[in-house]
Amino acid sequence: FRDIALDVPPTAISEGTAQLFFRPHDVVQVENADTGLTLKVAQSHLRNGHLRIEGHVDGLKRPIIIDLPPGVTVRPRESIFFLPSRGQLFPAGEE
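Here's a quick rundown of the structure. (Residues numbered from 1 in each chain as written. Predicted model: local features only at pLDDT ≥ 70, side-chain atom pairs only at ≥ 80, totals over all residues. Heavy atoms only, no water.)

1. Notes on the nonpolar core
- One finds Leu39, Ile53, Ile66, Ile80 and Phe82 to be the most contacted residues of the largest nonpolar core, which totals 13 residues.
- Phe82 has contacts with Phe22, Val27, Val28, Gln29, Val30, Gly36, Leu37, Leu39, Val57, Ile64 and Ile66, leaving out every residue within four places of it along the chain. (Core = buried A, V, L, I, M, F, W, Y, C linked by side-chain atoms within 4.5 Å. Buried < 20%, exposed > 50% of the residue type's maximum accessible area, 1.4 Å probe, protein only. Contact = heavy atoms within 4.5 Å.)

2. What about the packing of aromatic side chains?
- A complete count under the given rule lists two aromatic pairs for this structure.
- Relative to Phe90, the ring of Phe21 lies with its centre 5.6 Å away and its plane at 75 degrees, an arrangement referred to as edge-to-face. Remark: Phe90 occurs in strand E7 (residues 88-91) and Phe21 occurs in strand E1 (residues 18-21); sequence separation between them is 69 residues.
- Look at Phe21 and you get partly exposed, because its relative accessible area is 44%.
- Residue Phe90 is classed as partly exposed on the basis of its relative accessible area of 40%.
- An angle of 50 degrees between the planes, with centres 6.2 Å apart, marks the rings of Phe22 and Phe82 as tilted. Here the residue Phe22 occupies a position in the loop between E1 and strand E2 (27-29), and Phe82 occupies one in strand E6 (residues 79-84), the gap between them amounting to 60 residues. (Phe/Tyr/Trp six-rings, centres within 6.5 Å; stacked < 30°, edge-to-face > 60°. Helix = DSSP H or I, 4+ residues; strand = E, 2+ residues; numbered from the N terminus.)

3. Remarks on the side chain of Asp67
- Topologically, Asp67 is positioned in strand E5 (residues 64-68).
- Within polar-contact distance, the side chain of Asp67 engages the side chain of Arg52 at 2.7 Å.
- Every residue in contact with Asp67, bar those within four places of it in the chain, is listed here: Pro24, His25, Val27, His50, Leu51 and Arg52. (Polar contact = N/O pair within 3.5 Å; in protein donor to acceptor, adjacent residues only side chain to side chain.)

4. Describing the environment of Leu83
- Following the sequence through the fold, Leu83 ends up in strand E6.
- Through-space distance from the C-alpha of Leu83 to that of Gln29 is 6.5 Å; in sequence the pair is 54 residues apart.

5. Re unusual backbone geometry
- A positive phi angle, near 50 degrees, is found at Asn48, a position not held by glycine.
- Summarising the element assignment, Asn48 is placed in the loop between strand E3 (37-47) and strand E4 (50-56).
- Look at Asn48 and you get exposed, because its relative accessible area is 69%.
- The backbone phi angle of Arg77 is positive, close to 75 degrees, even though this residue is not glycine.
- Its location among the elements puts Arg77 in the loop between E5 and E6.
- By relative accessible area, Arg77 is classed as exposed at 67%.

Here it is in structure tokens:
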């Protein structure tokens, strides 16, 4: 994704663009934008013992939802950095 290498297993997609799907709990928080994706926080709340965060990544049309461990604190409009730890690639559809 841009200049950030995302470590996802290869799939049957041999060439062309693809979409990455991952579950909210399949992410890890990283230190900075050089090593992860930047998520601008829109809102957050506790859910099932984790902090559920909804926000936006530049260049994506839809919001992203991630779960981080308890004890993490974020505020709206703040930026945090994350990487998917697991995911699945699918061929990109026509828009």
